[in-house]
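Take a look at the letters that make up each chain.
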Amino acid sequence: MQRYFTNEPISENNTVTITGDDAHHMIQVMRMSPGDLVFVVANNQTYTMEILDGSSKAVHLKVKEVLLNTNEMPKKVSIVCGLPKGDKLELITQKATELGMYELYPFEAKRSIVKWDKSKNEKKVARLQKIAKEAAEQSHRSTIPQIHNPVSIKELVELSKAYEVKYVADEEDAKTDERQKFAEQLKNVYDKQSILIVFGPEGGLDRAEIKLLLDNDFQTIALGPRILRTETAPLYALSAISYEFE
């Protein structure tokens, strides 16, 4: 069944109205009609709902069953990604959502070639948020990852204070013979719930950035002996976390 997210509350008579693009998708794209069933996520709770009636502008549905939310990552993993070139940030958003990412913070790193046009913040973030929503629907998630505006290194240090575990992927660690395996580090965080992981752009993180993060309780991680592309590293880390905790 198709899955849709809504910000509308469930009414006292267990009905809800979905409007906009999702209503159009149900009626015009999927050719749904009264009696058809869909999954609807409202306030992070998943329901099986039946279409009562509707048009491409508004669809009215009624709750048939409340489902258990068992498809979310047991850890809240937030990704900080140095601004990459091209459409790589869109790829990271889509695939990291499928793998269970909780939040995404684009990061204006010193070596980021791409410069984020702040006058287009709202439009760019809305585009990424739409990609995250569609990926969450496709992968049957119960929450949509929040996509934030880009942060500076100072803002990153400040927001990191809210996390129990803080990692930074350092490619220099991958070049050493005595690197600690990421899997071994994960075994020490079973009692933690929030994890923040920082990844650099194509040129990697500047050593001054690494030092500042380490001075603020970050731990370095090595994602194997190979140097991964900026769009690959977050997916590797999320896969490793999923393997350990799911």
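Above this text is the structure in question.
Here's a quick rundown of the structure.

Parameters at a glance
Residues numbered from 1 in each chain as written. Predicted model: local features only at pLDDT ≥ 70, side-chain atom pairs only at ≥ 80, totals over all residues. Heavy atoms only, no water. Pairing = 2+ DSSP bridges. Helix = DSSP H or I, 4+ residues; strand = E, 2+ residues; numbered from the N terminus. Axes fitted to C-alpha atoms, helices over the stretch in contact; angles between N-to-C directions. Buried < 20%, exposed > 50% of the residue type's maximum accessible area, 1.4 Å probe, protein only. Arc of directions from axis to C-beta. Contact = heavy atoms within 4.5 Å.

**Structural notes on the sheet that holds strand β3 (residues 37-42)**
- If you walk across this open sheet you meet the five strands as β1-β3-β4-β5-β2, and the pairing is mixed. The open sheet has two edge strands, β1 (3-6) and β2 (15-19), and neither has a second partner. Within this sheet the neighbouring strands show an average axis-to-axis angle of 45 degrees, counted without direction.
- The pairing of β1 with β3 spans four bridges and is parallel. What sits directly across from Tyr 4, in β3, is Val 40.

**Notes on unusual backbone geometry**
- Backbone geometry places His 140, a non-glycine residue, at a positive phi of 55 degrees.
- Turning to its location among the elements, His 140 is positioned in the loop between α3 (121-138) and β8 (146-147).
- His 140 sits in the partly exposed class, given a relative accessible area of 28%.
- We note that Asp 217 has phi near 75 degrees; this positive angle belongs to a residue other than glycine.
- Tracing the chain through its elements places Asp 217 in the loop between α7 (207-214) and β11 (219-221).
- Judged by relative accessible area, Asp 217 falls into the exposed class, the value being 60%.

**Quick word on the pairing of β3**
- The buried count for β3 comes to five of six residues, which makes it a mostly enclosed element.
- Two elements, β3 and strand β4 (residues 45-54), share six bridges in a ladder whose sense is antiparallel. The residue bridging Val 40 from the neighbouring strand is Tyr 47, located in β4.
- Taken together, β3 and the strand that follows it, β4, pair antiparallel across an intervening segment of two residues, in which Asn 43 is found at a positive phi of about 55 degrees.

**Some points on α7**
- Of the positions making up α7, those classed as buried are Glu 209, Ile 210 and Leu 213. An end-on view of α7 places all buried positions within 100 degrees of arc, on one side of the element. Opposite the buried face of α7, by more than 90 degrees, sit the exposed residues Ala 208 and Lys 211.
- Lining the buried residues of α7 we find β7 (103-107), α4 (153-159), β9 (165-169) and β10 (194-199).

**Focus on the environment of Pro 106**
- Relative to the elements of secondary structure, Pro 106 occurs in strand β7.
- Beyond its immediate chain neighbours, meaning those up to four positions away, Pro 106 contacts Cys 81, Leu 83, Leu 89, His 148, Asn 149, Pro 150 and Val 151.

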